[in-house]
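Here's the letter readout for the chains.
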Amino acid sequence: MLRSTHLKININNLLFNMANINAFIKDDVILGAVLKANAYGHGAKYTAKTLYNHGVKYFLVATLLEAIQLRNENANYQLLVMGHTPDDYLHHLINYNIIGTVFTLDQARLLNKLAYKKGTQAKVHLKIETGFNRLGMQINEENIQDILQMSQMNHLDIQGAFTHLTLKSKDSDLNQYNMFMDLISTLEAKGIHIPVKHVCDSIGMALYPEFHLSMVRVGALLYGLQSEDKGIIDVKPILSFYTKPSCIKKIFSGESVSYGNRWFAKNDTIIATLPFGYADGFPRTLYQKSFVTIHQNKYPIVGAICMDQCMIDLGISSEVTTNDAVEILGPYNNIEDFAQLVGTNKNDIVSGFAARIPRVYIKDQKICHIENEIL
Ligand SMILES: *Cc1c(COP(=O)(O)O)cnc(C)c1O
């Protein structure tokens with residue numbers, strides 16, 4: 001691993017989640033696995049490889065760079081960039097055989113031209129605006145005309161269309177779905193057939209089987225990060241976070257720890273230094289709020305959290321050694337409670353784990369792969 005601080009990823013649970021999602025969707029619905037943000041911190045390369053070897057053939061990311069990273073690993077699966085690709089980089093979509101998301105006539109024209117020069121077709125999905133007001137073509141007569149024009153471009157292959165639900169309420173989601181489907185019908189009536197239609201993310205998929213269409217875009221649920229109230233599909237958490245103490249020392253009552261001498265020992269005590277910090281994605285704002293677990297005992301993080309290290313108070317009678325495993329997140333410190341402590345959601349925590357943390361993949365209780373991204 002080359003570092004004692006590491007993320008552990010349980011491949012059996014990843015496959016368990018995938019299987020349960022597959023069982024939930026109909027056979028003709030594509031499971032689109034969302035691998036953006038380094039597969040929500042789980043490591044995009046090995047997660048993609050594992051899922052691909054178990055039948056997933058469609059992967060979705062947010063950015064061109066993420067897509068290129070995966071394309072360099074495997075030329076065979078479908079790759080969709082769900083976000084915007086700036087004009088200057090559009091040719092990479094064609095060169096790397098990546099599906100782009102398009103929501104303006106200008107970009108469609110540019111892609112068509114670039115693909116013409118290459119003697120090929122640019123593959124795109126249209127992003128449709130139905131109320132999220134993030135990316136997408138608003139539904140109006142002018143834009144329908146634009147889509148008609150796009151559909152006539154010889155070097156543009158419109159493979160799909162999608163929109164994104166706000167998940168505010170069943171009514172608003174249904175309204176978005178209907179707006180999207182009305183547009184699809186309008187296009188069909190004009191002879192434009194869009195093969196891959198999709199609107200559901202994890203929560204949409206779980207809540208609305210009737211909205212699955214051709215594909216569901218699943219991130220959080222695949223990683224076992226389900227919303228408490230939406231646990232219709234059985235999934236298990238797959239990520240845990242461990243380290244080992246780098247230094248253990250006794251300090252005296254009244255001595256302080258870390259920047260600014262803000263934490264003082266009330267009694268003589270033993271302090272352990274842990275080799276992770278805010279640059280690893282552990283929120284610095286957890287000052288004086290968080291704890292870790294060693295041999296099922298909880299110990300508070302004391303003093304300011306540093307960039308690469310933090311300290312815990314073991315208490316005067318501790319027998320913890322530098323060989324003991326320290327659980328930062330896992331069975332005893334679950335991600336749900338942790339995110340609540342930070343005041344954010346689980347995706348925010350896991351997607352923030354730094355590239356410099358080795359990812360250790362475990363299958364059947366054995367290490368099956370170690371990914372060190374910065375090497
Ligand atoms: C991130 C994302 C998803 C996946 O969302 P989850 O809730 O993690 O399943 C789906 N669609 C779009 C457009 C996204 O940006």
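Values in this document were obtained by computation on a predicted structure and should not be read as measured data.

It is worth spelling out the site of the ligand at this point. Every residue lining the ligand is accounted for by V34, K36, Y40, M82, R134, H164, D201, S202, R217, V218, G219 and A220. Separating an oxygen atom of the ligand from a backbone N or O atom of A220 is a distance of 2.8 Å. Here the ligand, which alone exposes 390 Å², has 89% of that area covered by the protein. For the shell around the ligand, the secondary-structure elements that each account for two or more residues are α2 (36-40) and β10 (215-218). A per-class count over the shell around the ligand returns five nonpolar, three polar and four charged.

Position of D234 among the secondary structure elements: in the loop between β10 and β11 (239-243). On the basis of relative accessibility, which here comes to 47%, the residue D234 falls in the partly exposed class. Residues D234 and I158, spaced 76 residues apart in sequence, show a C-alpha to C-alpha distance of 35 Å.

Time to look at the packing of aromatic side chains. Taken as a whole and assessed by the stated rule, the structure comprises 10 aromatic pairs. Aromatic pair Y177 and F211: ring centres 4.1 Å apart, planes at 5°, arrangement stacked. Taken together, the positions of Y177 in helix α8 (residues 170-189) and F211 in the loop between α9 (202-207) and β10 put the pair 34 residues apart, joining distant regions of the chain. Given a relative accessible area of 12%, Y177 falls into the buried group. Members of the aromatic cluster, connected to one another through ring pairs, are F241, F276, F282, F338 and F353. Directly above the aromatic system of Y242 lies the positively charged group of K8, at a separation of 4.5 Å from the ring centroid. In this structure, R134 packs its charged tip against the face of F132, placed 4.5 Å from the ring centre.

What follows deals with the pattern of salt bridges. Counted under the stated rule, the structure contains eight salt bridges. A salt bridge links K45 to E371; its shortest N-O distance comes to 3.6 Å. Of the two residues, K45 is situated in helix α3 (residues 44-53) and E371 in strand β21 (residues 366-371); the sequence distance between them amounts to 326 residues. For K45, a relative accessible area of 24% puts it in the partly exposed group. A residue is classified by how much of its surface remains accessible, and E371, at 13% relative accessible area, is buried. The shortest N-O distance in the salt bridge between D308 and R356 comes to 2.9 Å.

Moving on: a nonpolar patch on the surface. Judged by side-chain polarity, M1, I367 and I370 come together as a nonpolar surface patch covering roughly 250 Å² of accessible area. Counting through the fold element by element, I367 comes out in strand β21. When its relative accessible area of 53% is taken as the criterion, I367 is described as exposed.

Attention now goes to empty space enclosed by the protein. Within this structure, the stated rule accounts for one cavity of 30 Å³ or more. Of the voids in this model, the largest cavity is the one considered here, and its volume is about 40 Å³. Around the largest cavity, the lining residues are I128, M137, Q138, I139, N140, N143, I144, I147 and L183. Elements supplying a minimum of two residues to the lining of the largest cavity: β7 (137-138) and α7 (141-151).

Moving on, we come to the domain arrangement of the protein chain. In many analyses, interface size is given as the accessible surface area lost on bringing the parts together. Structurally, the protein chain comprises domain 1 (10-222) and domain 2 (239-371). One C-alpha centre belongs to domain 1, the other to domain 2; they are set 38 Å apart. Each partner contributes to the interface: domain 1 provides 15 residues, whereas domain 2 provides 12 residues. Both faces considered, domain 1 and domain 2 share a buried interface measuring about 1,200 Å² in area, 55% of it formed by carbon and sulfur atoms. In terms of surface lost to domain 2, no three residues of domain 1 exceed Y40, H42 and Y46, which account for 41% of the buried area on that side.

What counts, and at which threshold
- Residues numbered from 1 in each chain as written.
- Predicted model: local features only at pLDDT ≥ 70, side-chain atom pairs only at ≥ 80, totals over all residues.
- Heavy atoms only, no water.
- Near = heavy atom within 4 Å.
- Polar contact = N/O pair within 3.5 Å; in protein donor to acceptor, adjacent residues only side chain to side chain.
- Areas by Shrake-Rupley, 256 points an atom, 1.4 Å probe, with all protein chains shown as cover.
- Helix = DSSP H or I, 4+ residues; strand = E, 2+ residues; numbered from the N terminus.
- Nonpolar A, V, L, I, M, F, W, Y, C, P; charged D, E, K, R; others polar.
- Buried < 20%, exposed > 50% of the residue type's maximum accessible area, 1.4 Å probe, protein only.
- Phe/Tyr/Trp six-rings, centres within 6.5 Å; stacked < 30°, edge-to-face > 60°.
- Lys NZ or Arg CZ within 6 Å of the ring centre and 35° of its normal.
- Salt bridge = Lys/Arg side-chain N within 4 Å of Asp/Glu carboxyl O.
- Patch = residues over 30% accessible without salt bridge, like charges linked within 9 Å, V, L, I, M, F, W, Y side chains within 5 Å.
- 1 Å grid on protein atoms, 1.4 Å probe; cavity = no way out; pocket = protein on both sides within 12 Å on 5 of 7 lines; lining within 4 Å.
- Points joined across faces, edges and corners; volume = space filled by probe spheres on them.
- Domains from an automatic or database assignment.
- Contact = heavy atoms within 4.5 Å.
- Buried area = accessible area lost by both parts, 1.4 Å probe.

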